[in-house]
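Residue-level structure breakdown
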Amino acid sequence: MAKEWLNQYQEGVPAEINPEHYNSLVEVIEQSLSDFAQSTAYINMGSSITYSELDALSLKFASALQRDGFKVGDAIAVMMPNLLQYPVAIMGILRAGMTVVNVNPLYTARELEHQLTDSNAKGIVIVENFAATFSAIAENTNVQKVYLTQLGDMLSPIKGWLVNSVVKYVKKMVPPFDISNAKSFVKTVKSANEKTFVKPSVSGDDIAFLQYTGGTTGVSKGAMLTHRNMVANLEQASGVIGPVLTQEAEMVVTALPLYHIFALTANCLTFMKFGATNLLITNPRDMPGFVTELSKYPFTVLTGVNTLFNGLLNTPGFDKLDFSKFRVTLGGGMAVQAPVAERWQQVTKHPLLEAYGLTECCPAVTINPMNLESYSGSIGVPVPSTDVKLVDADGNEVPEGEAGELYLHGPQVMKGYLNRPEATAEVIKDGWFATGDIARMDEKGFLYIVDRKKDMILVSGFNVYPNEIEEVAAMCDKVLEVGAVGVPHADSGEQVKLFVVKKDPSLTEAELISHCRQHLTGYKVPKQVAFIDEMPKSNVGKILRRELRD
């Protein structure tokens, strides 16, 4: 496939990057901590830390991990929402030559046990709110040390005490737990002596992150992301967005959880290379509180998913915010819907640019050029040093313009799934990663996701893609959120069923089906509509079609 997409690159974006530019991710981190020492690195709940403070605190935690007996290569889990403690923890773990295992704080005991045992985690940094979940399965794991923290532990003394008291005693958000080998994360960091730290040797082949997939197709798998993988993706991402950023002048809004690969790479690590400030939002589900927080700061960049953008647009006060400094919106994680993107541009006066990635690719695979003037419906073009092809069911490349499964090749593709050679072989074929996504490419090299291969609905032999149905349904002014799935049908094999959260209570099933009929050919029109109060979503706000099907 000719690399027509290179012609779409903005001036200054390299066609190729050097994944060996740094020996490890630690080198990238330490250079940024030094270069931007006096700049603000993170803000959370009104408190902030500079890059210099982050340097000292993460080095102390690295020293504490060594003092506590952990060895180079040991896996250390981190289970917390967006807090100032998060970058301290992961950068300390990486600087100690150990592997970060990011854990979703909303996991059940069963899910947590699987991830901790599968990764053979030897330690865990965990917020007290979720300690009861861990204590229920602790003896079934190899975790030797537990570092406990509270939501307010790194805020100012008075604010921290207030937050911790309200969370624990007023809102009663900390269930009882009993963990014998627990110690305070903050006290551990403060008492550590960075002078005893022994800098380990870390290579590009060492595993930086064990990043677990959502488990949508069975048991959750640990993608082994090496230091070389991560360095490559940071070079790719910063190469694309670099031409529109100013060093030490950006403030990126981080509402997606940092334990998720999108925010981890895009917000936490890529923007670190530019000395940006990360505005951490601990609870983005509190939309009024989120908008209030945005009103306090001159933010320049916001990353998110379609449901987050839609939620903000439907929150009073968002359209009154000061967008004078705002320049970049990056959407990923799920398909961005045209009605949401169009309204976003009307309100903010800036386009919503879509990107595409996968946990197994650190995650960036494609992105729209930063100089695009409006939403395109495309996931953009491959990032530097990334090759792609579209193949049919037999593995043959499809003709230009036709849909096929997206395969990619690049230095950001994971080493494999931990302890799962068969699962690795299913997705990495002759060096190419099979994404499981159906896409098409236009004559300019722009890619368009048609849908997930596994989500495709088969109606009387015709392929129906839920993304298209959802976008049409979302065009109805009375619809807040929508998910489309296939349900069994005796005559056609499957039918389209919509699950809808109403914006306007007067919306009826007949009205919505009539709306869809105006924009869709017959076999694509939904035959059933179910109105629900809330859409099931993943930790980043992605609508979970599998739960709708169930």
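What counts and what doesn't
Residues numbered from 1 in each chain as written. Predicted model: local features only at pLDDT ≥ 70, side-chain atom pairs only at ≥ 80, totals over all residues. Heavy atoms only, no water. Helix = DSSP H or I, 4+ residues; strand = E, 2+ residues; numbered from the N terminus. Rg over C-alpha atoms; globule rule 2.2 N^0.38 Å. Contact = heavy atoms within 4.5 Å. Areas by Shrake-Rupley, 256 points an atom, 1.4 Å probe, with all protein chains shown as cover. Lys, Arg positive; Asp, Glu negative; His and termini not counted. Charge placed at Lys NZ, Arg CZ, Asp CG, Glu CD. Phe/Tyr/Trp six-rings, centres within 6.5 Å; stacked < 30°, edge-to-face > 60°. Buried < 20%, exposed > 50% of the residue type's maximum accessible area, 1.4 Å probe, protein only. Lys NZ or Arg CZ within 6 Å of the ring centre and 35° of its normal. Core = buried A, V, L, I, M, F, W, Y, C linked by side-chain atoms within 4.5 Å. Pairing = 2+ DSSP bridges. Axes fitted to C-alpha atoms, helices over the stretch in contact; angles between N-to-C directions. Arc of directions from axis to C-beta. Polar contact = N/O pair within 3.5 Å; in protein donor to acceptor, adjacent residues only side chain to side chain. Parallel < 35°, antiparallel > 145°, perpendicular 65-115°, else oblique. Nonpolar A, V, L, I, M, F, W, Y, C, P; charged D, E, K, R; others polar. Right-handed = clockwise from strand over helix to strand, strands pointing away. Disulfide = S-S within 2.5 Å.

Per the secondary structure count, the chain includes 16 helices and 27 strands. Here the C-alpha radius of gyration of the chain, 23 Å, is about what a compact globule of 550 residues would show, namely 24 Å. Along the first, second and third principal axes, the C-alpha set of the chain runs to 70 × 55 × 50 Å. In the chain, once contacts between residues fewer than 6 apart in sequence are set aside, the share between residues at least 24 apart is 69%. For the chain, the accessible surface area stands at approximately 22300 Å², while carbon and sulfur atoms represent 49% of it. With 48 positive and 61 negative side-chain charges, the chain shows a spacing of 7 Å between the two charge centroids.

This brings us to the packing of aromatic side chains. The full count for this structure, using the stated rule, is ten aromatic pairs. Consider the rings of F61 and Y147, whose centres lie 5.4 Å apart with planes at 85°: the pair is edge-to-face. One end of the pair, F61, is in helix α2 (residues 51-67); the other, Y147, is in strand β6 (residues 145-149), with 86 residues separating them in the sequence. When sorted by exposure, F61 lands in the same class as Y147, which is buried. Aromatic ring contacts, followed pair by pair, group F299, F309, F318, F323, F326 and W344 into a single cluster. A cation over an aromatic ring shows up here: R440 above the ring of Y448, its NZ or CZ 4.3 Å from the ring centre. For the cation-ring pair, K502 lies above F531, with the distance from its terminal atom to the ring centre recorded as 4.3 Å.

Membership of the largest hydrophobic core comes to 169 residues, with the highest contact counts inside it found for L25, F61, F134 and F209. Every residue in contact with L25, bar those within four places of it in the chain, is listed here: L94, A208, F209, H227, M230, V231, L234 and L269. Counting residues in each nonpolar core, the second largest holds 21 residues, with V479, A484, V496 and V500 among its members.

Once that is clear, we can look at the sheet that holds strand β27 (residues 528-531). With mixed pairing, three strands are arranged side by side in an open sheet as β25-β26-β27. Each end of this open sheet is capped by a strand with a single partner; those strands are β25 (479-489) and β27. If you compare each strand with its neighbour and ignore which way they point, the axes differ by 25° on average. The pairing of strand β26 (residues 493-502) with β27 spans four bridges and is parallel. Looking at the pairing, F499 lines up with A530 of β27. The strands that helix α14 (residues 466-474) touches are β25 and β26; relative to β25, the one it contacts most, it runs at about 140°. Contacts from helix α15 (residues 509-519) reach β25, β26 and β27, with the element oriented near 130° to β27.

The next thing to look at is helix α1 (residues 25-35). Since the α-helix advances by 3.6 residues per turn, residues separated by three or four positions end up pointing in the same direction. Residues of α1 that are buried: L25, V26, V28, I29, S32 and L33. Buried residues in α1, looked at end-on, bunch into an arc of 160°, giving them a common side. Of the surrounding secondary structure, the elements contacted by the buried residues of α1 are α2, α3 (85-95), β8 (207-212), α8 (227-241) and α9 (261-270). Two or three places before V26, at the opening of α1, S24 has a side-chain oxygen 3.2 Å from that residue's backbone nitrogen.

Next up on the list: the sheet that holds strand β7 (residues 182-184). Adjacent strands of a sheet pair through backbone hydrogen bonds, lying either parallel or antiparallel. Taken in spatial order, the eight strands line up as β7-β6-β5-β3-β4-β8-β9-β19 in an open sheet, and their pairing is mixed. This sheet does not close on itself; its edge strands, each paired only once, are β7 and β19 (416-417). Inspection of the sheet shows β6 paired to β7 by three bridges, in the parallel sense. Following the sheet pairing, Y147 is matched in β7 by K183.

The contact between α8 and α9 brings their axes to 11 Å, and the two run at 70°. It follows that α8 is roughly perpendicular to α9 by the angle criterion. Here α8 contributes M230, N233, L234, A237, S238 and I241 to the contact with α9, which in turn contributes T265, L269 and T270. Counted by class, the contact of α8 with α9 contains five nonpolar, four polar and no charged residues.

It is worth spelling out the side chain of T99 at this point. Along the chain, T99 falls in strand β4 (residues 99-102). The contact partners of T99, leaving out residues within four places of it in the chain, are G73, D74, A75, I76, I93, I207, A208, F209 and L210.

Here we take up the pairing of β6. β6 sits mainly inside the fold: four of its five residues count as buried. Pairing geometry for strand β5 (residues 123-127) and β6, over five bridges, is parallel. For V125, the partnering residue across the bridge sits in β6 and is Y147. Each parallel crossover has a hand, and the one from β5 via helix α5 (residues 131-137) to β6 is right-handed.

This paragraph deals with the state of the cysteines. By the definition in use, this model includes zero disulfides. Cysteine C268 remains unbridged, with the sulfur of C362 as its closest cysteine sulfur at 14 Å. Relative accessible area serves as the criterion here: at 1%, C268 is assigned to the buried category. Distance from the sulfur of C476, which forms no disulfide, to the nearest cysteine sulfur (C516) is 8.0 Å. The exposure class of C476 is buried, given its relative accessible area of 11%.

Okay, the environment of L498 next. Along the chain, L498 turns up in strand β26. In this structure L498 touches I469, A473, V482, G483, A484, L512, C516, P526, Q528, V529 and A530, once residues within four positions along its chain are discounted.

So, about the environment of E293. On the secondary structure map, E293 appears in helix α10 (residues 287-294). By relative accessible area, which is 13% here, E293 ends up buried. Taking the C-alpha atoms as reference points, E293 and T315, 22 residues apart in sequence, are found 13 Å from one another. Setting aside residues up to four positions removed in sequence, E293 forms contacts with M45, G46, L279 and I281.

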